[in-house]
Amino acid sequence: MIDNHNESFSCPEVQGRLDDLFKSNEKTFVDRGIELYPDDYPLIELKSLVLSLDWEITDEIITDFMMHTDNLTEFYRNDKVILKFLHILRALGKYIDANRSKAHPDCFKILNSVFFALDDVILTKDISRSETEKLLKIEIENYKKLRKLVSNRKLTKSREKEQYSLTKNVPKIVKDDKIDCFQVKSESHMLIVSQKQLNDLKNDIKQFIHSEFIGLRDELKNLK
Amino acid sequence: MAFVNLKKKEIQAKIVYYGPGRGGKTTNIEYIYKNFEDRIDSKMVAIKTQGDRTLFFDFFPFNIGRINGYKIKIQLYTVPGQVKYNATRRVVLNGADGVVFVADALAVQRKANIISLKNLQENLKHYQKNIFKVPFVFQYNKMDLLKKEVPILPLEALTGDLNEQLNRPSFVASALEGTNVVATLKKIIIMTVASIKMSLQ
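Residues numbered from 1 in each chain as written. Chains lettered and ligands numbered in written order. Predicted model: local features only at pLDDT ≥ 70, side-chain atom pairs only at ≥ 80, totals over all residues. Heavy atoms only, no water.

### Overview of the overall build of chain A
So, step 1. Across its full length, chain A holds seven helices and three strands.
So, step 2. Reading the secondary structure of chain A in the N-to-C direction produces α-α-α-α-α-α-β-β-β-α.
So, step 3. Here chain A, with 224 residues, has 32% of them falling under the buried criterion.
So, step 4. Partitioning the intrachain contacts of chain A with sequence separation of at least 6 by distance along the chain shows that 58% fall at a separation of at least 24.
So, step 5. Surface summary for chain A: the accessible area is close to 15,300 Å², and the carbon and sulfur share equals 53%. (Helix = DSSP H or I, 4+ residues; strand = E, 2+ residues; numbered from the N terminus. Buried < 20%, exposed > 50% of the residue type's maximum accessible area, 1.4 Å probe, protein only. Contact = heavy atoms within 4.5 Å. Areas by Shrake-Rupley, 256 points an atom, 1.4 Å probe, with all protein chains shown as cover.)

### Some words on the pattern of salt bridges
Residue and element names in this part refer to chain A.
So, step 1. Enumeration according to the criterion identifies twelve salt bridges over all chains in this entry.
So, step 2. The closest approach of N and O atoms between Asp-70 and Arg-90, which form a salt bridge, is 2.6 Å. Of the two residues, Asp-70 is situated in helix H3 (residues 59-75) and Arg-90 in helix H4 (residues 80-99); the sequence distance between them amounts to 20 residues.
So, step 3. Members of the salt-bridge network, linked through shared partners, are Asp-59, Asp-97 and Arg-100. (Salt bridge = Lys/Arg side-chain N within 4 Å of Asp/Glu carboxyl O.)

### Brief notes about the packing of aromatic side chains
So, step 1. Across all of its chains, the model carries ten aromatic pairs over all chains by this definition.
So, step 2. Relative to Phe-138 of chain B, the ring of Phe-101 of chain B has its centre 5.7 Å away and its plane inclined at 70°; by these criteria the two rings are edge-to-face. With Phe-101 of chain B in strand S6 (residues 98-104) and Phe-138 of chain B in strand S7 (residues 136-141), this pair connects stretches of sequence that are 37 residues apart.
So, step 3. Looking at Phe-101 of chain B, the relative accessible area reads 0%, which means it is buried.
So, step 4. An aromatic cluster is built from Phe-22 of chain A together with Tyr-33, Phe-36, Phe-60 and Phe-62 of chain B, whose rings are joined through pairwise contacts. (Phe/Tyr/Trp six-rings, centres within 6.5 Å; stacked < 30°, edge-to-face > 60°.)

### Here we look at a nonpolar patch on the surface
So, step 1. A grouping of Ile-205, Ile-209, Phe-213 and Leu-216 of chain A is seen on the molecular surface, where their side chains present a nonpolar patch of about 380 Å² in accessible area.
So, step 2. According to the relative accessible area criterion, Phe-213 of chain A is partly exposed, its value standing at 48%. (Patch = residues over 30% accessible without salt bridge, like charges linked within 9 Å, V, L, I, M, F, W, Y side chains within 5 Å.)

### What about helix H5 (residues 181-200) of chain B?
Structural remark: α-helix, 3.6 residues per turn; residues separated by three or four positions point the same way.
So, step 1. With 20 residues, H5 of chain B should reach 28 Å at 1.5 Å per residue; the first-to-last C-alpha distance of 29 Å fits that figure.
So, step 2. Counting buried residues in H5 of chain B gives 15 out of 20 residues, a clear majority hidden from the surface. (Expected span 1.5 Å × (residues − 1).)

### Quick notes on helix H3 (residues 110-126) of chain B
All names here are of chain B.
So, step 1. For H3, built from 17 residues, the straight-helix expectation of 24 Å at 1.5 Å per residue is met to within 8% by its first-to-last C-alpha distance of 25 Å.
So, step 2. The inward-facing, buried residues of H3 contact strand S2 (10-18), helix H2 (86-93), S6, S7 and helix H4 (155-163).
So, step 3. A positive backbone phi angle near 55° is found at Gln-128, which sits one or two residues after H3.

### Section: the nonpolar core
So, step 1. Grouped together as the largest cluster of nonpolar side chains are 41 residues, with contacts concentrated most on Phe-22 of chain A together with Phe-62, Ile-64 and Ile-189 of chain B.
So, step 2. For this core, the secondary structure elements donating two or more residues are helix H1 (12-21) of chain A together with S2, helix H1 (25-36), strand S4 (54-67), strand S5 (70-78), S6 and H5 of chain B.
So, step 3. Not counting residues up to four positions away in its chain, the partners in contact with Ile-189 of chain B are Val-14 and Leu-18 of chain A together with Ile-15, Phe-62, Ile-64 and Ile-74 of chain B.
So, step 4. Leu-46, Phe-65, Ile-82 and Val-150 of chain A belong to the second-largest nonpolar core, a separate cluster that totals 35 residues. (Core = buried A, V, L, I, M, F, W, Y, C linked by side-chain atoms within 4.5 Å.)

### Some words on the confidence of the model for chain B
So, step 1. Model confidence for chain B is summarised by a mean pLDDT of 87, while 93% of its residues fall at 70 or above.
So, step 2. Across the interfaces of the predicted complex, the ipTM metric reaches 0.77, alongside a pTM of 0.57. (pLDDT = per-residue confidence, 0-100.)

Structural data, given as structure tokens:
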């Protein structure tokens, strides 16, 4: 602790009680050594940028991030596993750049996860090829999951838009006895809708509601 | 103001963890909960959004036992750190007896720390409380990132930006690793209980 506290707040009884309650589980920086990375560690800048992206997305950070992944891609051009890690990082960077604050929240988790796996691969001495490939496989799976989440999100949004445009200008349905169908009148156009088309519409709506429920269940799972 | 039941000899104190978004407020409470769950017979309640952000608040009540004949109950709360949730922050801050300000030591968060502290001062003022008089502890979190060579604000900068005028106890910490999490909590509990004791006399 930095010793600038107000002594008038001393309370030995409480101190004793708290010492009992929280004993043997305290960590302080005094007994911790700080391990520094080796001087030639190539990911220092990228690490700083990955962590910065988690907090704030600015043009400067994004540009630096892309530049550093490109530099590292050149640096590791002969290592296929590391290159794949870097490709994922670059793809995530592009996605974040395009979507900024609207990016899927999981993409930042995956960005960190991919980076720290790469960090492990580069920093761990004597790491075997199979171990690095295993780490890469996990991150590829994570990336694929994210892509799926993003496309589901897009699908849901476009359906919401469709739904909105449908409800915005709802046509009036008028029964016409002369023909075996419904006449749909709207301000801008007139459509003839058969019974079959109406049934198809109903089925589409059912499917939409079903897919919405699936999406909601996924969201709930993520919340857990 | 603390809830004091003289008949039952019970004191309930509310401690709020305040600070910028993603600064580690929830991580602090989670660390306490996970590591002392067996000793603290209580459950933590957290409401989060999809991206693990605190949407409303976290709540973790526990007893520290009897002191001078009074049963002391502590309630830990966090506020959502994101700027847009100020109404929630203000509600959670209502009736706070002690505050832990979890500052983010990441260099990119310098401005966010200052804005959040200013926001705390304004929200306390809303409840006619003076930031200079409320039991208050600073925690400079994420100091573990130093060993990863991530740009971190030097202690002098953190102190200069946040604590120069207030001059409150402060801890360098890593909520993720648990470093100084307990020390911070102990300090704020001691200060809060002492302050309640003084107000009762």
